[in-house]
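Reading the structure
Chain residues, written in single-letter form:
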Amino acid sequence: MSTPVSLDTIPLAPKVLLHDHLDGGLRPQTVIDLARAAGYDQLPSERADELGEWFIASADSGSLERYLETFSHTVAVMQTHEALVRVAAECVEDLAADGVVYAEVRYAPELFQERGLTLDEIVCAVQDGFREGERRAAEVGKSIRIGTLLCAMRQNARSAEIAELAVRYRDVEVVGFDIAGPEAGFPPTRNLDAFEYLRQQNAHFTVHAGEAFGLPSIWEALQHCGTERLGHGVRIVDDIKVDDNGGVQLGRLASYVRDRRIPLEMCPSSNLQTGAAPSIAEHPVGLLADLRFRVTVNTDNRLMSHCSLSSEFAVLHETFGYGWTDLQWFTVNAMKSSFLGFDERLEIINNLIKPGYASLIG
Ligand SMILES: O=c1[nH]cnc2c1ncn2[C@@H]1O[C@H](CO)[C@@H](O)[C@H]1O
Ligand SMILES: [Zn+2]
């Protein structure tokens, strides 16, 4: 018998997450504990429930720039080795508890140097935390693997250095690179050296594009920078015309994205908060999935959006009627699009994802 799809059952399904920010996923109580330990007295509340509410309400601003301001508090408490290990380990525990079997978690090492840590010390601390989290998850019978993406911030000029760092740690589960931060005014082509270097090194990268800025940003990310995936990419709908009879016409860029199977790392709840989409019902994910773009579903920032991958799936189920077969399609899309090796991706698809959905479909 088929298991009904609901917020209670979706955590049982194996899921894959490609777009999740480490500094956007802290537990509110952890923010408070770490602030005390660091002597940081700028938190808007010292009560976990209130602080959680504050992050959600403040991120709900309608603008990416204001949404990003909320990260000043999480970044402030992530400046020591111990803090980074704790945040990384708890991130893995939380994702494993939600039924995520593979995740690519990203962060910008350059933000954690306020108290003197070197970039290498930062990467080592986070990797230690991820391995610790994987061990704790295994102890409670959960299988999860984490790949790390290192971000460079668009407004800073350190992308070449961060790209080199990503390549240096590629053999210890740092699987790729990304650029994040404010999009308007900071086109991806400002980082051409970094992308050129990564391609020369046969390394993987994704770019936040088409979130707070439109088609030119997506076009540059793909055709100048050579990105393999698009972080968000929601504005690709600006190149798709749907007429009154439901006829659909794809422009050249949208056709390219679909034809080349460019993965879209879509983050519905985050997009509502930054104003990139007006509602879930009107979110481009519905149209893009119908048109068989390579859509993946992601959390972006679990703290700021008060979400999990299961809750994102649940909202899509409620809004668009997606069932287990659709949720499996998003999951296989994500696994195929991950930066792990081909054989490792196939193994997770065949040994974890397909049997997991088969038992739910019944
Ligand atoms: O949706 C987003 N768009 C662009 N940048 C983001 C988004 N979410 C988080 N960050 C930025 O990425 C940094 C590294 O994790 C965060 O500190 C935040 O500034
Ligand atoms: Zn993001």
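What you see is a predicted model; the values in this text were computed from it and never measured.

Procedures and definitions
Residues numbered from 1 in each chain as written. Chains lettered and ligands numbered in written order. Predicted model: local features only at pLDDT ≥ 70, side-chain atom pairs only at ≥ 80, totals over all residues. UniProt positions renumbered as here; feature names shortened; annotations may be inferred. Helix = DSSP H or I, 4+ residues; strand = E, 2+ residues; numbered from the N terminus. Contact = placed C-beta atoms within 7 Å. Buried ≥ 20, exposed ≤ 12 C-beta atoms within 10 Å, placed from the backbone. Core = buried A, V, L, I, M, F, W, Y, C linked by C-beta atoms within 7 Å. Arc of directions from axis to C-beta. Near = placed C-beta within 6 Å. Right-handed = clockwise from strand over helix to strand, strands pointing away. Pairing = 2+ DSSP bridges.

**Overview of the UniProt feature "binding site: Zn(2+)" (unreviewed entry) in the protein chain**
Feature annotation in UniProt assigns "binding site: Zn(2+)" (unreviewed entry) to the following positions: His19, His21, His208 and Asp300. In three dimensions, the annotated residues from a span of 282 residues occupy one location, with a maximal C-alpha spread of 12.0 Å. Here His19 lies in strand β1 (residues 15–21). Discounting chain neighbours no more than four positions away, the residues touching His19 are Gly231, Glu265, Cys267, Asn298 and Asp300. As for its position among the elements, Asp300 is in the loop between β10 (295–297) and α13 (302–305). Accessibility expressed as a C-beta count within 10 Å gives 29 for Asp300, which makes it buried. Residues within four places of Asp300 in sequence aside, it is in contact with His19, Asp20, His21, Gly24, Cys267, Ser270 and Ser305.

**Things to note about the nonpolar core**
Considering soluble globular proteins, one finds that nonpolar side chains tend to be buried as a cluster. Membership of the largest hydrophobic core comes to 104 residues, with the highest contact counts inside it found for Leu84, Ala88, Val92 and Val126. For this core, the leading source of residues is helix α5 (residues 81–97), giving ten residues.

**So, helix α8 (residues 192–200)**
Given 3.6 residues to a turn, an α-helix orients residues that are three or four positions apart in the same direction. When we look at burial in α8, the residues that qualify are Ala194, Phe195 and Leu198. Buried positions in α8, seen along its axis, are confined to an arc of 95 degrees and lie on one side of it. Exposed positions of α8 whose direction lies more than 90 degrees from the buried face are Asp193 and Gln200. On its buried face, α8 sits against β3 (145–153), α7 (159–168) and β4 (174–180). The first or second residue beyond α8 is Asn202, which carries a positive phi of 55 degrees.

**Remarks on the site of ligand 1**
Around ligand 1, 19 residues are found, and the nearest of them are His21, Leu68, Phe71, Ala108 and Ala180. For the shell around ligand 1, the secondary-structure elements that each account for two or more residues are α3 (64–69), α4 (71–76) and β2 (100–107).

**Thoughts on the pairing of β3**
The buried fraction of β3 amounts to eight of the nine residues, a majority that puts the element mostly inside the structure. At this point the chain moves from β2, through helix α6 (residues 119–139), to the parallel β3, and the crossover so formed is right-handed. Across six bridges, β3 lies against β4 in parallel orientation. For Leu150, the partnering residue across the bridge sits in β4 and is Phe177.

**Structural notes on the UniProt feature "domain: Adenosine deaminase" (unreviewed entry) in the protein chain**
Taking the numbering used here, the UniProt-annotated feature "domain: Adenosine deaminase" (unreviewed entry) corresponds to residues 14–354. Within residues 14–354, the helical portion is 49% and the strand portion 15%, while the C-alpha atoms at the span's ends are 9 Å from each other.

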